[in-house]
Amino acid sequence: MEFIVSIAILQLGLLLFIAAALLLYLICRIPSDEDHGRSGSSPGSGKTVLVTSCDCAIGLQLAFHLANSGFRVFAGLKTASDAGCPEDSVPAKAIRAWQKYRESEQELGNITVIHLDVTREDLLYESVDVIRAHLPAGQDGIWAVVCTNGITFRGSLAQQEISHWDTILKTNIVGVLRTARTFQNLLKNSGGRILTIGTSDNMGGGLVAYAASRYGVEGASDALRQELSPFGIKVVTINPVGIMPELLFAQPKFIKNPETDDVCITINGLLNYQPRVLTERALDILDIALIAKEPKSHYKLKCTYKWWHRLPLMSYI
């Protein structure tokens, strides 16, 4: 009799285990609030986006990611020399390799390089004309402007030159304000949005001027959000959590084969470079910030996990 009872208890336990596993599986299938902002497998769907500076790591990575996701990307470069020029920067050469590869692909998404420096008013207004000239017939607006322009200097305040502060503030804060004003009309026409880079955590010491500039960008973004809202323009602040500023705005470098000193090539025939600063999860969050109908005012570019993802049980479902 006791043996039969033990078997019954064991069977009941197994049934409860299976029921719990099934319940957790169904919970994982429920879309999160962020997932509601998605629209199809190709987020871009031909939407036009400007990335203000692809001279830095975050800008170049975003340009490739957005183009691969179906966006029409205008990539701002401070030096935009003729194709094949030996003085071309690493980003320019990498983009050209991507463009050559993309010619054989029948997919949405492309990258157009434009000469752009957010500290120069003339280049900003010239870039508006260039973008308008490349827009499809009947279209006079762009979906988003992603402000990736940024400079950082690390060191104690007493040892830094005042010219460093001026450069940081001119590029990081005033550059965002110049960009917002210049592209305001193109964003009005499409009900577009501006993405800015705000503060981050654990920046470390020696970044007083840089931190001031990022808090300035965050405050300016909050004010712009109110000012531009009546025109249908959304302003979204991205907070890169856990990424050192030097990496975000580092100049990309090619990865070379130590034996031949040749640039390494990816499986798709593209020039391999580093650093790539955003994780896949961070890029997913950025996609949401770009395509959500009603985006949040702030997004953290941090890989977070739901509580059930931590359970070892999930690896067996």
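Residues numbered from 1 in each chain as written. Predicted model: local features only at pLDDT ≥ 70, side-chain atom pairs only at ≥ 80, totals over all residues. Heavy atoms only, no water.

As annotated in an unreviewed UniProt entry, the protein chain carries the name D-beta-hydroxybutyrate dehydrogenase, mitochondrial and is attributed to Dendroctonus ponderosae.

K.L.:
Help me out: how do you make sense of the overall build of the protein chain in this one?
P.N.:
For the protein chain, the count of helices and strands is 9 helices and 9 strands. Among the 317 residues that make up the protein chain, the fraction classed as buried is 45%. (Helix = DSSP H or I, 4+ residues; strand = E, 2+ residues; numbered from the N terminus. Buried < 20%, exposed > 50% of the residue type's maximum accessible area, 1.4 Å probe, protein only.)

K.L.:
What is the right way to read the nonpolar core from this model?
P.N.:
It is characteristic of soluble globular proteins that their nonpolar side chains tend to be buried jointly. If you look at the biggest cluster of nonpolar residues, it comprises 51 residues, and the most contacted ones within it are Ile58, Leu278 and Leu290. Excluding anything up to four places from it in sequence, Leu278 contacts Ile58, Gln61, Leu62, Ile243, Leu283 and Leu301. Within the second largest apolar cluster, 23 residues are counted, among which are Leu135, Ile142, Cys147 and Val217. (Core = buried A, V, L, I, M, F, W, Y, C linked by side-chain atoms within 4.5 Å. Contact = heavy atoms within 4.5 Å.)

K.L.:
Before we go on, may I ask you to explain unusual backbone geometry in this structure?
P.N.:
A negative phi holds for most residues other than glycine; trans holds for most peptide bonds. Along the chain, Gln274 connects to Pro275 via a cis peptide bond; the corresponding omega equals -5°. Structurally, Pro275 is set in the loop between strand S8 (273-274) and helix H9 (280-291). Within the chain, Asp261 stands out as a residue other than glycine whose phi angle is a positive 65°.

K.L.:
Just to check I follow, could you spell out the environment of Ile95 for this structure?
P.N.:
Position of Ile95 among the secondary structure elements: in helix H3 (residues 90-102). Taking relative accessible area as the criterion, Ile95 reaches 0% and is therefore assigned buried. Once residues within four sequence positions are removed from consideration, Ile95 is found in contact with Leu60, Phe64, Ala75, Leu77, Ile111 and Val113.

K.L.:
Teacher, can you tell me more about the packing of helix H2 (residues 57-68) against H9 here?
P.N.:
A pair of packed helices can be characterised by two numbers: the angle between their axes and the separation between those axes. At a minimum axis separation of 12 Å, H2 and H9 run at an interaxial angle of 70°. Taken as axis vectors, H2 and H9 run roughly perpendicular relative to one another. Our pair here, H2 against H9, has a crossing hand that is right-handed. Each of Gln61, Leu62, His65 and Leu66 in H2 lies in contact with H9, whose residues at this interface are Leu283, Leu286, Asp287 and Leu290. Residues belonging to the contact of H2 with H9 are distributed by class as follows: 5 nonpolar, 2 polar and 1 charged. (Axes fitted to C-alpha atoms, helices over the stretch in contact; angles between N-to-C directions. Parallel < 35°, antiparallel > 145°, perpendicular 65-115°, else oblique. Left-handed = near helix turned anticlockwise from the far one by under 90°. Nonpolar A, V, L, I, M, F, W, Y, C, P; charged D, E, K, R; others polar.)

K.L.:
Is there a simple way to explain the pairing of strand S2 (residues 72-77) in this structure?
P.N.:
The side chains of a regular strand alternate, first on one face of the sheet and then on the other. Counting buried positions over the 6 residues of S2 gives 6, a clear majority of the element. Covered by surrounding structure in S2 are Arg72, Phe74 and Gly76 together with Val73, Ala75 and Leu77, the residues of both alternating faces. The parallel pair strand S1 (residues 48-51) and S2, bridged by H2, forms a crossover whose chirality is right-handed. Pairing of S2 with strand S3 (residues 110-115) involves 6 bridges; the strand directions are parallel. Paired with Ala75 across the two strands is Val113, which belongs to S3. (Right-handed = clockwise from strand over helix to strand, strands pointing away. Pairing = 2+ DSSP bridges.)

K.L.:
What is the right way to look at helix H7 (residues 208-228) in this model?
P.N.:
Because each turn of an α-helix spans 3.6 residues, side chains separated by three or four positions end up pointing in the same direction. The first and last C-alpha atoms of H7 sit 30 Å apart over 21 residues, in line with the 30 Å expected at 1.5 Å per residue. Within the sequence span of H7, burial applies to Ala209, Tyr210, Ala211, Ser213, Arg214, Val217, Glu218, Ala220, Ser221, Leu224, Arg225 and Leu228. (Expected span 1.5 Å × (residues − 1).)

K.L.:
Before we go on, may I ask you to explain the packing of aromatic side chains in this structure?
P.N.:
Each aromatic ring pair is summarised here by two numbers: the centre-to-centre distance and the angle between the ring planes. For the coordinates displayed, the defined rule picks out 3 aromatic pairs. A connected cluster of aromatic rings, assembled from ring pairs, spans Phe64, Trp98 and Tyr273. Taking NZ or CZ as reference, Lys47 lies 5.1 Å from the ring centre of Trp143, over its face. In this structure, Lys188 packs its charged tip against the face of Phe231, placed 4.1 Å from the ring centre. (Phe/Tyr/Trp six-rings, centres within 6.5 Å; stacked < 30°, edge-to-face > 60°. Lys NZ or Arg CZ within 6 Å of the ring centre and 35° of its normal.)

K.L.:
Hey, could you run me through the state of the cysteines in this one?
P.N.:
Note: disulfide means a covalent bond formed between the sulfur atoms of two cysteine side chains. Applying the stated criterion to the full structure yields 0 disulfides. Cys54 carries a free sulfur, and the closest cysteine sulfur to it, the one in Cys56, is 7.4 Å from it. (Disulfide = S-S within 2.5 Å.)

K.L.:
Would you mind going over the sheet that holds strand S5 (residues 193-197) with me for this structure?
P.N.:
What links the strands of a sheet is backbone hydrogen bonding, and the strands pair in either a parallel or an antiparallel sense. Spatially, 7 strands are ordered S3-S2-S1-S4-S5-S6-S9 in an open sheet, and the strand pairing comes out parallel. Whereas interior strands pair on both sides, the edge strands pair on one side only; in this sheet they are S3 and strand S9 (298-300). Put simply, the sheet's adjacent strands are angled 20° from each other on average, direction ignored. As paired elements, strand S4 (residues 144-146) and S5 share 3 bridges and run parallel to each other.

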